[in-house]
Amino acid sequence: MPPRRLEPGYHDGESDSDVDIFDDFGASAKSKGKGKGKAIDRGKKEKGKGTSKEQPYAWEASYTRSWDTVQEDEAGSLQGAVEDLIARGRRRRLLAPAAAIRRTIIRHLILLLDLSSAMMDRDMRPTRFDLMLQYAREFVTEWFDQNPLGQIGVVGMRAGIGERLGEMTGNPQEVLKAISERHKLEPTGEPSLQNAIDMARSSTSHLPTHSSREILIIFGSLTTCDPGNIHETLAECVKDRIRISVVALAAEMKICRELCDKTGGQFGVALNEGHFKDLLFELIPPPAQRATAPNARGGATAPADLMMMGFPTRLPDTSPPSLCVCHSKLKSEGFLCPRCGAKVCDVPTDCDICGLMIVSSPHLARSYHHLFPVKTYQAVTDLDDTPNPSSSCHGCARPFKNAPQQMAGSSGEGMSPLGRYRCPDCHNDFCPECDVFVHDVVHCCPGCGK
Amino acid sequence: MDRASHLSVVVDLSPNHWYLSSTRTQQNARPLSLKSFLSQLLVFLNSHIACKDENTLAVFGALPGRSVMLHSSTNESSGNPFEMADADTYRPFKILDAEVMQTIARHVETLGPSDIKKPVELVGALSKSLCYINRITTASSTQSNEQTAALDPRILILSVSPDQSSSYIPIMNSIFAAQKLKVTIDICKVYGSESVFLQQAAHLTGGSYLHLERADALLQYLTMSFLPPPSIRQLLSVPTQDKIDFRAACFCHKRIVDIGFVCSVCLSIFCQPVPVCSTCRTKFPIKTLQRLNAARPTVATPATTPTVQTALSLPSSNSIKGTNVNGSQSTVQNGSR
Ligand SMILES: [Zn+2]
Ligand SMILES: [Zn+2]
Ligand SMILES: [Zn+2]
Ligand SMILES: [Zn+2]
Ligand SMILES: [Zn+2]
Ligand SMILES: [Zn+2]
C-alpha cells in the first residue's frame, strides 16, 4: 500500500510498499524516486492554500461530522454560516477576470482511468476505484453541461496495456455507459502510462485543428511499466498539441508532473476525497487561452479558425417516417440539414451527405455565458447617495431591510450591510440571494437584460 | 396530483403589437383587443388560484423598456388600496384583478413617446420570474414543509411581439436557468408570427408552445392547455410543437441564419465569412476564408432560406413564415451586441 504523503521522517518506513515495484523499468522507476522528493515540498506548499487543502490527509483526519462544520450564532440560527458561504462565493467572483477572455470551447477529452491493482486501496472510501468511478460519472455529466460541443473518449490502463473503453463521442449517455459497468472495469495488474497515452493519442489524431485535444489521467499507482521511452511519447504529445492533466491519488511522480508541465496541463495530488473532487472539477470549465501570443511552453493552444455550421430544423415525432442518412433507418423524428435537406438522427454531427457541421443553436448558446458574464454587482454600503432607494429587490421583489445589519464574523468584506447589491449598468438593487442566482445560474441581469 | 403548484405569468404588453392585434386586417380576421385579452386572462388567473387553495401565482408585465411585477400571491400588499367590500366577489379574485389592472394602468400612463419605440423587456420579465421562483423554492425547501416543497413551478409567456434578435443570448441563458430549476416554460403566442426563441424555450424545458389560430377563443386555449400543471399534463394530450426551428441569430446583423460561420474561439455566429471576429478580435486564416467563400451556398442571403422552410412545413403556416423574416428584420436596429 503506497503512502501518499511522504514526510521526511516517514520516508524510511515506506520500504514495504516498494516490494511490489519492478525495478527493471529503468526510466520510470528512476523518475518515481525523484518524484517522491518533489512530493514532499508540494505537500508542504499546498498546506497553506485554500480551505479544502487545509484538511489533513484522509487517513490521518479525525472523523468529522458534517453538522460540526456549520455553526449556529447566538440566536441559534444558521444565518451567519450561510452568509459566510455567500460572501466567499462573492469574493471568488470578484477575483475572476471581468473581461471576456478567450476560451477553448470545442474540446476533445480522453479520460484515462487507472485500473491497476493500486486502485483497490482503501485510503479513500469505499475504495479509490469506486470513488473514481463515482466522481468520473459526475465529472462527465457536468463536463457535457458546460462543454456541449465537446466529446469524451474513455481509455483504461491495466495489466500493462491501454484499453479503449469508450469511443470518442459527444453523447453523455454513451460515455456514462462506458464507465457504468463496474465488473468490466475490475482493476488488475500494473498500469502503463506510455501504452495508454499512445492509445489516447491515436484516437485524437483525426480531429480538426481548431479543437482542443486533452487527456485527463486519474492515476492511483506509483509505478508505470512502459515498453519504451515515455519521453518520446511526451515529445509526440507536445508536437500534437495535446494537453495532459493528471490527478494523482497517491504521491507525485516526476514523470506525471513533467507530462503536465510540458503540455500546459494541470497537475494535482488529491489529499482526500473532497480534494480529489475539487481537482477533477477544476478541469471542467473551458480552459482560458492566454493572450493571443502562442503558448510559450509549446502548449496546447489550438489555432483559431472560422467554421461553417448549419442550424437544423427538428422534425417532430408525428411527421411522416423517412429514412435517416446515418443509419438508414425508417423513423419520424430527426433533424434536417439546412444545406442539403438530409435527415440525421442526432446533433451535433457532420452531415453524412454534404459534410456540413450541424449543431443546434442551443448547443452553442450554452457556452455563451462563459464569454459574456454578467457584470459583478457592487455592494451598497449606504443609501445617502441614492435619491429614491427601491423598497424591494428588483429580481424577486423581496423587501429590503431598512436598518443596516451587523455583519456576522469575518464575512463583512465585499458584503453590503443593507443586503443590497447594485448592477453597475442599470443601477437596480438586488438581494444577496438574487445576486448569487443571477451570476451563477441565470447569467442575465433582470434589470438591463445583459 | 394533489400538490400545490406555482404559476408565473409573463404578459407581453407591447402597445404597438396590441394595436395591430386589435385591428381587423386581411391576415387578422379575428382581432383581439387588449381589453378583451386582459379580461380573459384574469378569468384564467382566477381559475388557477381557485383550483387549489395553496396554489401560488405571480404576474409579470413586459413593457417597452421595462419589466414590472404586476401581482404576486405571497406579497400581501400591505394596506391594500384596492380593498372595497364586495359581497359578490371572492376576495382573492378581487385583489388579483384590481392589482393587475391598476398596475398596468399606472405603468402604461407613465410611458413617454420615446418609450413606445423601445422593444418590450421580455428578458427582464422572464429573469424576474426566475428570480421569484428561486426565492419561493429556496424558501420552501428550508421550511421543509411538505406542502410547499413540491411546488412544481411553471412559467407561462403570453407573447404578441416578434423575436428581438438582440435578446437571443439572454433568452437562451434564461432557458438554461429554467432547465436547472426544473421550471417548465409554456408559450402562448397570442398574435404575430412564430417565435423561434420561444419555441426553443418550450422545447428545452418540456413545456408546450401554442400559436393561437383563433385569438378570440383565448380563454378556451388557456384553460384547456395551460391550466393543468405539468404533472397532470402527462395524462392529457396537450398540443405539442410540430416543428422546431433551431436557427440562431448572427451577431453582425442579428439576422436569423440557418447556415452560419462560427468563430472557434468565442462561438460568435456570422452570416458571412469575416476576416476578423468582431467579438474576440481573432484573425482567421486567409485560406479558410477562401475555402468558405467557395463553399458558400450560391444563394446564402438569409431572406431566401425560408423557401426551404416553407417547402417542408405545413401549408397553413406558409404565410406566417413569410412575415417572420420581415418581422425579425424590422427589429434589427435595436440592440448593441
Ligand atoms: Zn440515423
Ligand atoms: Zn447536408
Ligand atoms: Zn431578490
Ligand atoms: Zn443590470
Ligand atoms: Zn450577419
Ligand atoms: Zn471570436
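Residues numbered from 1 in each chain as written. Chains lettered and ligands numbered in written order. Predicted model: local features only at pLDDT ≥ 70, side-chain atom pairs only at ≥ 80, totals over all residues. Heavy atoms only, no water.

1. Thoughts on the overall build of chain B
Here is step 1: Helix and strand counts for chain B come out as 13 helices and 11 strands.
Here is step 2: Buried positions account for 55% of the 337 residues belonging to chain B.
Here is step 3: Here the analysis covers contacts within chain B between residues at least 6 apart in sequence; of these, 67% occur between residues at least 24 apart.
Here is step 4: As displayed, chain B has an accessible area near 14,900 Å², and 55% of this comes from carbon and sulfur atoms. (Helix = DSSP H or I, 4+ residues; strand = E, 2+ residues; numbered from the N terminus. Buried < 20%, exposed > 50% of the residue type's maximum accessible area, 1.4 Å probe, protein only. Contact = heavy atoms within 4.5 Å. Areas by Shrake-Rupley, 256 points an atom, 1.4 Å probe, with all protein chains shown as cover.)

2. Quick notes on the sheet that holds strand β3 (residues 151-158) of chain A
Residue and element names in this part refer to chain A.
Here is step 1: The sheet built from six strands is open, its strands ordered β4-β3-β2-β5-β6-β7 with mixed pairing. Either end of the sheet is taken by a strand with one partner, and the two such strands are β4 (161-169) and β7 (267-269). Neighbour-to-neighbour, the strand axes of the sheet open up by a mean angle of 15 degrees, direction not taken into account.
Here is step 2: Helix α9 (residues 254-263) contacts β5 (212-219), β6 (242-248) and β7 of the sheet and is inclined by roughly 145 degrees relative to β6. (Pairing = 2+ DSSP bridges. Axes fitted to C-alpha atoms, helices over the stretch in contact; angles between N-to-C directions.)

3. Side note on the side chain of H71 of chain B
Residue and element names in this part refer to chain B.
Here is step 1: Take H71: it is sitting in strand β3 (residues 66-72).
Here is step 2: Residue H71 is classed as buried on the basis of its relative accessible area, which comes to 8%.
Here is step 3: Separated by 3.5 Å, the side chains of H71 and E99 make a polar contact. (Polar contact = N/O pair within 3.5 Å; in protein donor to acceptor, adjacent residues only side chain to side chain.)

4. Looking at the interface of chain B and chain A
Here is step 1: Listed by partner, the interface residues are 63 residues for chain B and 56 residues for chain A.
Here is step 2: Across the interface of chain B and chain A, roughly 4,900 Å² is buried in total on both sides, 66% from carbon and sulfur atoms.
Here is step 3: Counting across the chain B and chain A interface gives one salt bridge.
Here is step 4: Taking the shortest distance from any N to any O, the salt bridge between D145 of chain A and K180 of chain B comes out at 4.0 Å.
Here is step 5: Counting across the chain B and chain A interface gives nine residue pairs in polar contact (both at pLDDT 80 or more). (Buried area = accessible area lost by both parts, 1.4 Å probe. Salt bridge = Lys/Arg side-chain N within 4 Å of Asp/Glu carboxyl O.)

5. Focus on α9 of chain A
Residue and element names in this part refer to chain A.
Here is step 1: Counting buried residues along α9, seven of its 10 residues qualify, which places the element largely inside the surrounding structure.
Here is step 2: Of all the residues in α9, the buried ones are I255, C256, R257, E258, L259, C260 and T263.
Here is step 3: Looking one or two residues beyond α9, the residue adopting positive phi is G264, at roughly 80 degrees.

6. Considering the pattern of salt bridges
Residue and element names in this part refer to chain A.
Here is step 1: Under the defined criterion, the tally for this structure stands at 24 salt bridges over all chains.
Here is step 2: R107 is the salt-bridge partner of E214, the closest N and O atoms lying 2.8 Å from each other. In this pair, E214 sits in strand β5 while R107 sits in strand β2 (residues 107-114), placing the two residues 107 residues apart along the sequence.
Here is step 3: With a relative accessible area of 2%, R107 lands in the buried category.

7. What about the domain arrangement of chain A?
Here is step 1: Under the domain assignment used here, chain A contains domain 1 (102-289), domain 2 (309-363) and domain 3 (373-450).
Here is step 2: Distance from the C-alpha centre of domain 1 of chain A to the C-alpha centre of domain 2 of chain A: 32 Å. (Domains from an automatic or database assignment.)

8. Some remarks on the packing of helix α13 (residues 432-442) of chain A against helix α7 (residues 168-181) of chain B
Here is step 1: Following both chains from N to C, one finds α13 of chain A and α7 of chain B inclined at 100 degrees, their axes separated by 9 Å at the closest point. Classified by the angle between their axes, α13 of chain A and α7 of chain B sit roughly perpendicular to one another. Two secondary-structure elements touch here, α13 of chain A through F437, V441 and V442 of chain A and α7 of chain B through N173, S174, A177, K180 and L181 of chain B.
Here is step 2: A per-class count over the contact of α13 of chain A with α7 of chain B returns five nonpolar, two polar and one charged. (Parallel < 35°, antiparallel > 145°, perpendicular 65-115°, else oblique. Nonpolar A, V, L, I, M, F, W, Y, C, P; charged D, E, K, R; others polar.)

9. Considerations on the packing of aromatic side chains
Here is step 1: Taken as a whole, this structure holds nine aromatic pairs over all chains when the rule is applied.
Here is step 2: Ring centres 4.9 Å apart and planes at 20 degrees place the aromatic pair Y377 of chain A and F430 of chain A in the stacked group. Taken together, the residues Y377 of chain A in the loop between α12 (368-371) and β17 (378-379) and F430 of chain A in strand β19 (residues 429-430) connect sequence positions 53 residues apart. An identical accessibility class is assigned to Y377 of chain A and F430 of chain A; each is buried.
Here is step 3: Pairing F60 of chain B with Y132 of chain B gives two aromatic rings, centres 6.3 Å apart and planes at 70 degrees, and the pair type is edge-to-face. One end of the pair, F60 of chain B, is in strand β2 (residues 56-63); the other, Y132 of chain B, is in helix α5 (residues 122-143), and 72 residues separate them in sequence. With respect to burial, F60 of chain B and Y132 of chain B carry one shared label: buried.
Here is step 4: The lysine or arginine in question, K277 of chain A, covers the ring of F281 of chain A, its NZ or CZ lying 5.3 Å from the ring centre. (Phe/Tyr/Trp six-rings, centres within 6.5 Å; stacked < 30°, edge-to-face > 60°. Lys NZ or Arg CZ within 6 Å of the ring centre and 35° of its normal.)

10. Let's talk about the sheet that holds β17 of chain A
Residues and elements named next belong to chain A.
Here is step 1: The strand order β17-β18-β19 describes an open sheet built from three strands, whose pairing is antiparallel. Only two strands of the sheet have a single neighbouring strand rather than two, namely β17 and β19.
Here is step 2: Bridge analysis of strand β18 (residues 421-422) against β19 gives two bridges, and the strand direction is antiparallel. Bridging across to β19, R422 finds its partner in D429.

11. A look at the coordination of the zinc ion (ligand 5)
Residues and elements named next belong to chain B.
Here is step 1: Around the zinc ion (ligand 5), the protein supplies C250 (SG), C252 (SG), H253 (ND1) and C271 (SG) as donor atoms, at distances of 2.0 to 2.3 Å.
Here is step 2: Taken together, the four donor atoms surrounding the zinc ion (ligand 5) define angles of 94 to 132 degrees at the centre, an arrangement classified as tetrahedral.
Here is step 3: Site description for the zinc ion (ligand 5): donor spacing in sequence, C-x1-C-H-x17-C. Within this pair, whereas H253 is found in the loop between β8 (248-249) and β9 (256-257), its partner C271 is found in the loop between β11 (269-270) and α11 (286-295), the two being separated by 18 residues in sequence.
Here is step 4: Its relative accessible area of 29% is what places H253 among the partly exposed residues.
Here is step 5: Overall, the relative accessible area of 6% leaves C271 in the buried class. (Donors = N, O, S within 2.8 Å, 3.2 Å for Na, K, Ca; no water. Tetrahedral: all angles 85-135°; square planar, octahedral: opposite > 155°, others 65-115°.)

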